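Observations on the three-dimensional arrangement
What follows is each chain in one-letter form.
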Amino acid sequence: MAETMLNVTDIDKITNVLEIMKLYELALSDFYKQCADVWKEDREFWDGMSHAEIQHAENIQKMREILINKQGSFEVGRPFNLVVLRTALAGANENRTRLKEGALSREKVLVLARDIEQSILESRYAEIVKTNDVEYQSLIKKIVSQTSDHKMMLQKKIDDLKTASIKSSSL
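The following refers to the structure shown. (Residues numbered from 1 in each chain as written. Predicted model: local features only at pLDDT ≥ 70, side-chain atom pairs only at ≥ 80, totals over all residues. Heavy atoms only, no water.)

Assignment of secondary structure puts Glu 25 in helix α1 (residues 8-38). The side chain of Glu 25 is buried and forms no salt bridge, while Arg 96, the nearest opposite charge, is found at 11 Å. Apart from residues lying up to four places away in sequence, Glu 25 is in contact with Glu 53, His 56, Ala 57, Ile 60, Tyr 125 and Ile 143. (Helix = DSSP H or I, 4+ residues; strand = E, 2+ residues; numbered from the N terminus. Buried < 20%, exposed > 50% of the residue type's maximum accessible area, 1.4 Å probe, protein only. Lys, Arg positive; Asp, Glu negative; His and termini not counted. Salt bridge = Lys/Arg side-chain N within 4 Å of Asp/Glu carboxyl O. Contact = heavy atoms within 4.5 Å.)

Residues Leu 18, Trp 46, Met 63, Leu 67, Val 109 and Tyr 125 are the most contacted members of the largest nonpolar core, which totals 43 residues. Breaking this core down by element, the ones donating at least two residues are α1, α2 (43-69), α3 (82-100), α4 (106-123) and α5 (134-169). For this core, the leading source of residues is α1, giving 13 residues. Contact partners of Tyr 125, with chain neighbours within four places excluded, come to Met 21, Glu 25, Ile 60, Phe 80, Ile 120, Ile 140 and Ile 143. (Core = buried A, V, L, I, M, F, W, Y, C linked by side-chain atoms within 4.5 Å.)

To characterise two packed helices, one gives the angle between the axes of the helices and the distance between these axes. Close contact between α1 and α2 brings their axes to 8 Å; oriented N to C, the two are set at 170°. Relative to α2, the element α1 is oriented roughly antiparallel. Once α1 is placed against α2, the crossing between them reads as left-handed. Of the residues assigned to the contact of α1 with α2, the class counts are 17 nonpolar, 5 polar and 9 charged. (Axes fitted to C-alpha atoms, helices over the stretch in contact; angles between N-to-C directions. Parallel < 35°, antiparallel > 145°, perpendicular 65-115°, else oblique. Left-handed = near helix turned anticlockwise from the far one by under 90°. Nonpolar A, V, L, I, M, F, W, Y, C, P; charged D, E, K, R; others polar.)

Moving on to α4. Relative to the 26 Å expected for 18 residues at 1.5 Å per residue, α4 spans 26 Å between its end C-alpha atoms, a close match to the ideal helical length. Taken together, the buried positions of α4 are Val 109, Leu 110, Ala 113, Arg 114, Ile 116, Glu 117, Ile 120 and Ser 123. Arg 124, located one to two residues past α4, shows a positive phi value of around 55°. (Expected span 1.5 Å × (residues − 1).)

Distances and angles like these do not, on their own, reveal function.
This is the structure we're talking about:
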């Protein structure tokens, strides 16, 4: 590959980023599971979202293992800010607390979840390394595709909720 092959420090940094990303996906899964408990009418939707986040965490773990085992197949990509990632993780935990306390309405949760999924897409974490490793690329593409689907499904729920609200207020 190019002249920016990974060194031990790069491997440590990137595996740390992937570990925190995995924890973030698991925190989102817990948040979505909690949403399923609060809004029984949407249980299937939230359970599906929760399950997908667990799959993302598992994929990230596999990506981490591929990176460690095939270091020569990777080169440094876009730097990723661990502080931002840790802040996002703290925010996910705070959202779970707010939900438990009843501080979030159904609409607020849907908007919040959509914004979280959008921020994951915007973070471009797929760019922290460059590689031609097909398995690694396949895992990252799957996460990005599902995250995009989540954002669209959440937007549809928001739109449906607003439509229902407009219909009921016009009665």
